[in-house]
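Each chain, letter by letter, is given below.
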Amino acid sequence: MTEPVSPTHELIDTWADDPRGPVALHLRQRLRSVEDTGEGPPPVIFPPTYADVGYNIDPLSDGTKVAIIDSVGAQANRMEPLFKTPPLSALVPQIDVVLGNGKSVSVLDAGHRLGDALVRSTALRSEAQAAFASLQRGNAEPIARLAPTSLVFGAWDSRGEGAKLPRIIQSVIRAWDVDVLKRSAQYNPPLDYSALDVFDAEDKAKAEGNTKSPLAQRGFVHVPASDQPGGIVARGGVWRDVTINLIALRRLEGDRIDALRRYILGLCLVAAAEPLDGFLRVGCLLTPDPASPGAWVVVDRQGVRTPVALTSREALDYAAARAKTFGVAEARTVSFDKEAAKADLADGTADGKKASKKTKAVAG
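Numbers given to residues run from 1 along each chain, matching the order in which its sequence is written. Residue-level local features of this predicted model are given only where pLDDT is at least 70; pairs of side-chain atoms are given and counted only at 80 or more, and the full residue set underlies all totals for whole chains, interfaces and linings. Only heavy atoms go into the side-chain values, all of them from the structure, while hydrogens and water stay out.

> Outline the packing of aromatic side chains, supporting the account with residue identities and numerical values.
In this analysis, rings of Phe, Tyr and Trp, with Trp reduced to its six-membered ring, are considered paired at centre separations within 6.5 Å, and the interplanar angle assigns stacked below 30 degrees, edge-to-face beyond 60, and tilted for intermediate values. Under the definition given, this model contains three aromatic pairs. Measuring from ring centre to ring centre gives 6.3 Å for Phe199 and Phe220, while their planes differ by 85 degrees; the resulting arrangement is edge-to-face. Taken together, the residues Phe199 in the loop between β12 (178–187) and α7 (201–207) and Phe220 in the loop between α8 (214–217) and β13 (223–234) connect sequence positions 21 residues apart. Buried residues are those whose accessible area, probed at 1.4 Å on protein chains only, stays under 20% of the maximum for their type, while exposed residues exceed 50% and partly exposed ones sit between those limits. You can call Phe220 partly exposed: its relative accessible area is 28%. Measuring from ring centre to ring centre gives 4.7 Å for Tyr263 and Phe326, while their planes differ by 10 degrees; the resulting arrangement is stacked. Highlighted residues: Tyr263 in helix α10 (residues 257–273) and Phe326 in helix α11 (residues 312–326), separated in sequence by 63 residues. According to the relative accessible area criterion, Tyr263 is buried, its value standing at 1%. Here a set of aromatic residues connected by ring pairs shows up, and it is made of Tyr193, Phe199 and Phe220. Note on geometry: a ring has a charge over it if NZ (lysine) or CZ (arginine) is within 6 Å of the ring centre and within 35 degrees of the ring normal. A cation over a ring is seen here: Arg145 above Phe326, with NZ or CZ 4.2 Å from the ring centre. Sitting over the face of the ring of Trp156, Lys164 holds its NZ or CZ atom 4.8 Å from the ring centroid. Elements are defined by DSSP. Helices are runs of H or I of four residues or more, strands are runs of E of two residues or more, and each kind is numbered from the N terminus.

> Can you tell me about the sheet that holds β12, naming the residues and giving the values?
On the basis of which strands lie adjacent, the open sheet formed by three strands has the order β2-β13-β12 and antiparallel pairing. Looking along the sheet, the strands with just one partner apiece sit at the ends: β2 (44–45) and β12. In short, DSSP must find at least two bridges between two strands for them to pair. Across two bridges, the pairing between β2 and β13 is antiparallel. Counted as the bridge partner of Ile45 is Ile232 from β13.

> Got a sec to walk through the pattern of salt bridges? Specific residues and values, please.
Counted as salt bridges are all cases of a side-chain nitrogen of Lys or Arg within 4 Å of a carboxyl oxygen of Asp or Glu. Applying the stated rule across the entire model yields 18 salt bridges. Residues Asp344 and Arg120 are paired through a salt bridge, measuring 2.8 Å at the closest nitrogen-oxygen approach. Of the two residues, Asp344 is situated in helix α12 (residues 338–363) and Arg120 in helix α3 (residues 117–120); the sequence distance between them amounts to 224 residues. Here Asp344 falls in the buried class, since its relative accessible area comes to 13%.

> Kindly report on the sheet that holds strand β19 (residues 332–335), identifying the contributing residues and their values.
Working definition: the strands of a sheet are paired by backbone hydrogen bonds and lie parallel or antiparallel to each other. Strand order across the open sheet formed by three strands is β8-β7-β19, with mixed pairing between neighbours. Taken across any chain shown, the strands that pair with only one partner, and hence form the sheet edges, are β8 (104–106) and β19. Geometrically, the sheet is characterised by an average inter-axis angle of 30 degrees between neighbouring strands, direction not taken into account. Here the axes come from fitting lines to C-alpha atoms, over the contacting stretch only for helices, and the angles between their N-to-C directions go from 0 to 180 degrees.

Below, the structure is given as structure tokens:
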């Protein structure tokens, strides 16, 4: 087996600078439930459930099934908040939005990043619009100075100029060769409320077993819950794939191209290498499998994969050095503007009506 390459700062710089350099960094990492003892059948884990869908499970041509355990978007939303706490917090601008009720929220928690409604509801609105407009003209530096994680994890100015920032880093967790389980439950009230004249026996008879009944919803009658999602068994294992797209990185333009690309690459490396909290949801607590931890590889244009000894410590060292060169903006606080939010909502409603009328006209 090829010995892993030591990723010196100079080597990492070439990944960002060289137009003929490698196309990607990739990690395939096997994950393991904390309930997996290594003996007996694999444990039951719980995927996310989606409205009107349930589990996102797809059949393959060989008859096996693959399940989404954590989507690309969910993984991004877990990685981005890592930049709120030291030592990663020093790498990006810290912007908090004060809500006026004694609470505040970090822009790093905004799911749509620089294109989020939260940003448009503050004094950042015009600055964000200018940054997106600058991107349309080929300069990503204003976004890198205001909200660099928007370049790392992607953003879409869908309510503005329509600028799209493709994700440079992508992570997803899937379970392979899965069997789907069901579960049932029964709620039994501690006493017969109808016997105490809280309601009559006729109301009780109508409500029992009817989950839509107010008596059932408030816990006053027996309520069965049958044929509910009961988790999955992953016979093919649970795997996390993390990819850093170096081609997308090298498409970033600016007045200081090298400093910009190296800075964003440093953020990508930190986000990718930092260990994640494996508590994805109740019934799904995962850790890397020590027996198959995976390894980072750099993939060149011919598809040759070279192992790279990338650790979170090395990623942080590089990111800190390149952030210092690029320059990180000072932390600041802005206020949530209710009137700005209302105006943005009105703009969106008006745009929607215009689009609807246009669609009807074309159809007519």
